[in-house]
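Okay, here's what each chain looks like letter by letter:
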Amino acid sequence: MARMLHHLALLLVGLAVKIRVLGYWSLVYGYCALCAAVALLKLWWSVVLRPTTTFRWGLRETPPACLNDTSLGTHCYVRIKESGLRFHYVAAGERGKPLMLFLHGFPEFWFSWRYQLREFKSEFRVVAVDMRGYGESDLPLSTESYGFDYLVTDVKDIVEYLGYNRCCLVGHDWGGTVAWLFAIHYPEMVTKLIVLNCPHPSVFTDYALRHPSQLLKSSHFFFFQLPRFPELMLSINDFKALKALFTSRSTGIGRKGRWLTAEDLEAYLYALSQPGALTGALNYYRNVFSSLPLSHKHVRSPVLLLWGERDAFLEQEMAEACRLYIRNHFRLNIISGASHWLQQDQPDIVNTLIWTFLKEGEGRKSYRN
């Protein structure tokens, strides 16, 4: 009798798990369908209002001068033997100094760290990478090539190629997600972790599923699961949606900080208008639902989390919740009036807070290889 009850209990547990999995994927695909319907309405309305220009967009063939600004550093390339991929990065500061590695978010590239490259090159070997699928780095064709394991391994390979066995790791948005994951899986390689406007992946998953308001703000995660259609919507009207992302009152840079200049905006459009560039960027999202939840969650490095108070995409309550997964010193700074694009919006405040964090505890000498 006891064995039968035990067997029945196992069956019920298994059934409950299957129901949860079914509910999870029903939510994902149902929300994808809803987002697609909304996007189709927007496309139809755009065609009605601008029938001759909706499907016009231009490839930027010449990079703006700001991308070749020598004060930002030297353009370099590395081909990783294991993956076969070539990565582009911009580096400044003396070789042999402690490594500070920057990982950008969506839809950015190395240029988003321009203010930090200038600031920290005096004490660090600063390196801002074009992550796989972005900028001048290689663009793998398969969606599966953008899974978490590949993205984390890219960081490890790049650090080792640069001649280091550890670094101060800085990430924003998607780069922040990869930075969290790298610190979880390779704690010995992260002296300090600095994350801007990106919650711990487990915090994001748990919070979004419990708060419909965050699920709504994350609707792009679902829309981007669709093949090809998101690329079209981001391209129409000469990349109007991308321009709005960086410049609009609701989501853009400069509402209370520095404005994105016309040349800065052209730098982004130059990078994102290249063949396949949008697909590479969107493929990060197309793997996310199959990569969660995480099996390992705890971070053992000291962590600085910087958060723009007026982030249009992420609710502030997630920032404090990250403390649950950190087994070391944790500092959280909420920056008043700052947007999601924190390091570009409020670079002086961001740089000051990073310096303060770096000087805490072990001091700068601890970063030497």
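Residues numbered from 1 in each chain as written. Predicted model: local features only at pLDDT ≥ 70, side-chain atom pairs only at ≥ 80, totals over all residues. Heavy atoms only, no water.

A.B. asks: Explain a nonpolar patch on the surface to me, and be specific about the residues and the numbers.
C.D. replies: Together, W44, W45, V48 and L49 give the surface a local cluster of nonpolar side chains, amounting to about 460 Å² of exposed area. Of note, W45 is situated in helix α1 (residues 2-49). (Patch = residues over 30% accessible without salt bridge, like charges linked within 9 Å, V, L, I, M, F, W, Y side chains within 5 Å. Areas by Shrake-Rupley, 256 points an atom, 1.4 Å probe, with all protein chains shown as cover. Salt bridge = Lys/Arg side-chain N within 4 Å of Asp/Glu carboxyl O. Helix = DSSP H or I, 4+ residues; strand = E, 2+ residues; numbered from the N terminus.)

A.B. asks: Please provide a residue-by-residue account of the sheet that holds strand β4 (residues 125-129), values included.
C.D. replies: Overall, mixed pairing links the eight strands, which are arranged β1-β2-β4-β3-β5-β6-β7-β8 in an open sheet. At either end of the open sheet lies a strand with only one pairing partner, and these are β1 (74-79) and β8 (330-335). For this sheet the average axis-to-axis angle between neighbouring strands, irrespective of direction, equals 20 degrees. For strand β6 (residues 190-196) and strand β7 (residues 303-308), the ladder comprises four bridges, and the chain directions are parallel. Among the inter-strand pairings, L193 is bridged to a residue of β7, identified as V303. Packing of helix α3 (residues 148-161) onto the sheet brings it into contact with β1, β2 (86-92), β3 (99-103), β4 and β5 (167-172), and relative to β3 it is tilted by some 150 degrees. (Pairing = 2+ DSSP bridges. Axes fitted to C-alpha atoms, helices over the stretch in contact; angles between N-to-C directions. Contact = heavy atoms within 4.5 Å.)

A.B. asks: Tell me about helix α8 (residues 229-247), residues and numbers included.
C.D. replies: Counted at 1.5 Å a residue, the expected span for α8 with its 19 residues is 27 Å, but the 23 Å between its end C-alpha atoms falls short. Remark: the principal bend of α8, roughly 115 degrees, maps to N237. Taken together, the buried positions of α8 are F229, P230, E231, M233, L234, S235, I236, N237, F239, L242, L245 and F246. (Expected span 1.5 Å × (residues − 1). Bend = angle between axes of the 7 residues up to and from the residue. Buried < 20%, exposed > 50% of the residue type's maximum accessible area, 1.4 Å probe, protein only.)

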